[in-house]
Amino acid sequence: MAHKLYPVTEIKEVIKAEGVLNAPEAHIRTIAYDSRKLTDLQHALFFALKGRRDGHDYLQEVYEQGIRNFVISDNSTFLNKKDDANIFLVNDTLQALHWLTCHHRKQFEYPVIAVTGSNGKTIVKEWLYQLLAPEKHIIRSPKSFNSQIGVPLSVWEMQDDHTMGIFEAGVSHTGEMINLARVIQPTIGILTTIGEAHNEGFADKEEKIREKLLLFENTDLFIYSPKYLKGYTGEIPGKKKFTWSWEDDDADLRLIDDEVLEDKYLFIRGKYQARDVQCAVPFTDAASVENAICCWATVLALGYLPQDADLRLEKLHPIKMRLELKDGINNCSIIDDSYSSDISSLAIALDFLKQQNQHHKRSLILSDIPEAGIDSDTLYSQVAKLLESKEVDRFIGVGEEISKHADKFNIEKTFFKDTNDLVSNLGTLKLLNETILIKGARAFGFEKVSTVLTKKVHETMLEINLNALEYNLNYYKSQLRKGVKLMVMVKAFSYGSGSFEIANLLQFNKIDWLAVAYADEGVTLRKAGITLPIMVMNPDVMAFDTMVEHSLEPEIYSFRILKDFIEALNRKNRENYPVHIKLDTGMHRLGFMNTDIDKLLREIESCPAIKIQSVFSHLVASEDPASDDFTRGQIDLFTEITQRIEKSVGYTFLRHISNTSGISRIPEAQFDMVRLGIGLYGIDSSFKDKKSPLQTVTTLKTSISQIKKLQPGDTVGYNRKGVLPNGGKVATVKIGYADGYSRRLGNGKGKMLVNGVVVPTIGNICMDMCMLNIGGLNANEGDEVIVFNEVIRVEEIAEQIETIPYEVLTGISERVKRVYFYE
């Protein structure tokens, strides 16, 4: 069924807007807030939200793409100039979004479940969907859309043909939950846990609980474990309450004992309505078990028979919330989302596919979408329109149902009856030089497809969390004065994290410039579809022609480079080619000294071939408070020289001197642009002595190849450097110095995480492997081993071997597989 259409006249009243309606006959069914993800242009309403980015800055761009309905809170110029648009003027655009989705929510009478808590919200929501989907047509929050923006976007997708809603809500400060409660208007509430997450936003635990319980103030049924509300003095909401507990004899679901079966199931016994009840869940870790018990309590509270609940809980499967971007065969890029398939998550995955520019062709492999709750004709019509709006070039459908609707897809297409049919015929598809999204319902077992299409490489992998990287990027953007541009360093394989994969995300997030070390890095980005301006920091005379061919802008740091580049431009009859002049204000590495400036100006004044795009320098010790006087001296000298240059050439150019730590510590150094480097990856030396606001981006993982029990006096590794005087247990893991794990980390200096426990290295680090002293730890061959993450941090490893984090990250060998996650 199509989404409700709201007349713009009704919307104006609902959101209490002023403004002008130049097209009063228009109707709205789609909410937009991101200029990069616009669809359904005729019926879309764009909210200019304010946050780290101000949506008002993108109004003209959105208008040019075809949107004609806008909610704004300022920008009177835009308001008066668009005589073919409907423009709603409100005091607060986020509040208007909440009012509109609150109004939409009131159109539906079916039950709505709201889930909140410190942990487990998304898992509980997804598992309830699995458990209740056989009878219910459920609308639920996609992924972890639980914020002040994510919740209204989720609720907006409610339609008449749904029979239940499940939405999660997350808050980090007081005053936030009341807005989400008004939007969701839940009839059933679930509290998962109360833990330590976001403690900094609340005065104490009492305040935190009170804020979360506001979500359930008007619910008919509230499901929770009393242990999380122990000591709470406020009123517990819910006209009816259902509790579960291991300790409380009066709990509605009283848990008694549990037992591990076959190393993969937990058998749980309990009491419910004075009867013995039991269930088996296919998990044994504490977090999953608690989430599963929360779901067990919910289905019982909803009236399901205990035996039916048991049968369904046993079939729960893990929730994979992240997209994986991996290298594929035949120079393809593979986006693996092979464990779920519904229309909401498909739209999110297609947005990520659209971001990828490394190949000209974008393909989708999609299975039947079971349990969609709408007739298949409507469903696959929606899918076809979605593929068209997201610019998919080739469609590969798998399943008998989707194959019946082949005529709806007006692009290159192929269909297969099932997964085995697809795998058997992959060779006929000639997949080559394209980005392929794999999206399938779990029943189709698309992990087989992913395995066949993914390039076979070294088992050790570097995971890059693109959400964390995006978070860090937005943090640094928030530190900039309005109008200051941002250049991001992607040299050295983006600090070991990959080239086009990172550049695609940066381009999608509309940064202003990229910087690479050498021309070939820039050429690689151009071939991957990166159109941003790119500065080359170490231009070589042999690469000048290539640079000009690919519109790469050189750093000019010496008279020799200046002369040679001008000669290259003259041979091509090029004029006003953009260059970046490097000044040496104290680093004494590359750049023109103060004494060179008069000569430099004479050279530039007589040369029409080049035009100065920017003048920049490099702070020597921006992270070090003890060197602040020197830093200010650099800034003063930079200011003086750039003023001289500007006066001489007669035009303005960009000035930049600030690096990662400079952005954090020295706002007066921002000038016209800043250069962000390793801070993008969660490492900023200026936060060494205080809590960092950044998120960890990279996780280096490997696995255990073999475990040995050794006798007292046995030695380990080359030169017998590892000694076990009392004997013990040693695990050999698949990482060595050829992978970038330094030999200096041997003999106990390096540490890794095995099953959550920190263990030391033993013996010398070998080329392809190393050994860990795991003592009495319970571990098995094949177990995952963490080399570094947010627990064992890159900074700590660097300190252990007396180097810097840059060296650790850039030293990770390219034979180590990079896998990119995006939620």
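Details of the structure are given in the entry above.
The following paragraphs examine the structure supplied in this document. Remember, predicted model here, so these are calculated numbers, not experimental data. Within each chain, residue numbers correspond to sequence positions counted from 1 in written order. The predicted nature of this model means local features are confined to residues of pLDDT at least 70 and side-chain atom pairs, given and counted, to a pLDDT of 80 or more, with totals for whole chains, interfaces and linings taken over all residues. The basis for the side-chain values is all heavy atoms of the structure; hydrogens and waters are excluded.

Here we look at the environment of Val484
Filter applied, for reference: By definition, any uninterrupted DSSP run of H or I lasting at least four residues is a helix, any uninterrupted run of E lasting at least two residues is a strand, and each is numbered from the N terminus. Relative accessibility thresholds used throughout: buried, under 20% of the residue-type maximum; exposed, over 50%; partly exposed, between the two (1.4 Å probe, protein chains only). It only takes one pair of heavy atoms within 4.5 Å for two residues to be counted as in contact.
If you trace the backbone, Val484 turns up in the loop between helix 17 (466-478) and strand 24 (485-489). Judged by its relative accessible area of 12%, Val484 is buried. Separated by 170 residues in the primary sequence, Val484 and Leu654 place their C-alpha atoms 9.7 Å from one another. Apart from residues lying up to four places away in sequence, Val484 is in contact with Gln670, Phe671, Asp672, Met673 and Val674.

Overview of the pairing of strand 12 (residues 221-224)
Filter applied, for reference: Pairing between strands requires that DSSP locate at least two bridges from one strand to the other.
Burial of the side chains of strand 12 extends over both faces: Leu221 and Ile223 are buried on one face and Phe222 and Tyr224 on the other. With 3 bridges connecting them, strand 11 (residues 188-191) and strand 12 associate as parallel partners. Residue Gly189 lies in a different strand from strand 12, and its bridge partner there is Phe222. Two elements, strand 12 and strand 13 (residues 240-245), share 4 bridges in a ladder whose sense is parallel. Across the sheet, residue Tyr224 finds its bridge partner in strand 13, namely Thr243.

Regarding the sheet that holds strand 5 (residues 44-47)
Two orientations exist for strands paired in a sheet by backbone hydrogen bonds: parallel and antiparallel. Applicable threshold: In this analysis, axes come from line fits to C-alpha atoms, helices being fitted only over the stretch in contact, and the angle between any two N-to-C directions falls in the range 0 to 180 degrees.
With respect to topology, 5 strands assemble into an open sheet ordered 2-7-6-5-4, the strand pairing being mixed. Edge positions in the sheet fall to strand 2 (18-21) and strand 4 (30-32), since each has one partner strand and no second. The mean angle between the axes of side-by-side strands here comes to 20°, regardless of whether they run parallel or antiparallel. Across 4 bridges, the pairing between strand 2 and strand 7 (residues 86-89) is antiparallel. Within the sheet, the bridge partner assigned to Gly19 lies in strand 7 and is Phe88. The sheet contacts of helix 4 (residues 93-105) involve strand 4, strand 5 and strand 6 (69-72), and relative to strand 5 the element is tilted by about 145°.

What about the packing of aromatic side chains?
Quick note on the threshold: Note on aromatic pairs: the rings of Phe, Tyr and Trp (six-membered ring only in Trp) are paired at centre separations within 6.5 Å, and the planes decide the class, stacked below 30 degrees, edge-to-face beyond 60, tilted for the rest.
Taken as a whole and assessed by the stated rule, the structure comprises 19 aromatic pairs. Taking the centre distance of 6.2 Å and the plane angle of 50° together, the rings of Phe409 and Phe415 count as tilted. Exposure remark for Phe415: the relative accessible area of 21% places this residue in the partly exposed category. Taken together, a centroid distance of 5.5 Å and an interplanar angle of 65° make the contact between Phe565 and Tyr577 edge-to-face.

With respect to the pattern of salt bridges
Here is the rule: Salt-bridge detection follows one rule: a side-chain nitrogen of Lys or Arg within 4 Å of a carboxyl oxygen of Asp or Glu.
Throughout the structure, instances matching the rule amount to 40 salt bridges. Asp34 is the salt-bridge partner of Arg36, the closest N and O atoms lying 2.7 Å from each other. Given a relative accessible area of 11%, Asp34 falls into the buried group. Close ionic contact of Asp220 with Lys239 constitutes a salt bridge, the shortest N to O distance being 3.3 Å. Linking Asp220 in the loop between helix 8 (205-213) and strand 12 with Lys239 in the loop between strand 12 and strand 13, this pair joins segments that are 19 residues apart in sequence. When its relative accessible area of 69% is taken as the criterion, Lys239 is described as exposed. Each of Lys125, Glu126, Arg140 and Glu168 takes part in a single network of salt bridges with overlapping partners.

Some points on unusual backbone geometry
Although it is not a glycine, Asn747 sits at a positive phi angle of roughly 55°. Residue position: Asn747 is located in the loop between strand 35 (728-733) and strand 36 (751-754). Phi at Glu802 is positive, roughly 55°, even though this residue is not glycine. Along the polypeptide, Glu802 turns up in the loop between helix 26 (794-800) and helix 27 (805-810).

Details of the sheet that holds strand 29 (residues 610-616)
Spatially, 8 strands are ordered 30-29-28-27-26-25-24-31 in an open sheet, and the strand pairing comes out parallel. Pairing within the sheet leaves two strands with one partner each, and these edge strands are strand 30 (654-656) and strand 31 (673-676). Between one strand and the next, the sheet's axes are offset by a mean angle of 30°, whatever the strand orientation. With 3 bridges connecting them, strand 26 (residues 534-536) and strand 27 (residues 552-556) associate as parallel partners. Among the inter-strand pairings, Ile534 is bridged to a residue of strand 27, identified as Leu552.

Quick word on helix 8
In an α-helix, one turn spans 3.6 residues, which is why side chains three or four residues apart end up on the same side. Put simply, the test is: Two N or O atoms count as a polar contact when they lie within 3.5 Å, although within protein this holds only if one can serve as hydrogen donor and the other as acceptor, and sequence-adjacent residues are included solely when both atoms are side-chain atoms.
Three or more residues of helix 8 are buried, namely Glu206, Lys208, Ile209, Glu211, Lys212 and Leu213. Looking at the buried residues of helix 8, the elements they touch are strand 8 (112-116), helix 7 (177-184) and strand 12. Sitting at the head of helix 8, Asp204 places a side-chain oxygen 3.3 Å from the backbone nitrogen of Glu206.

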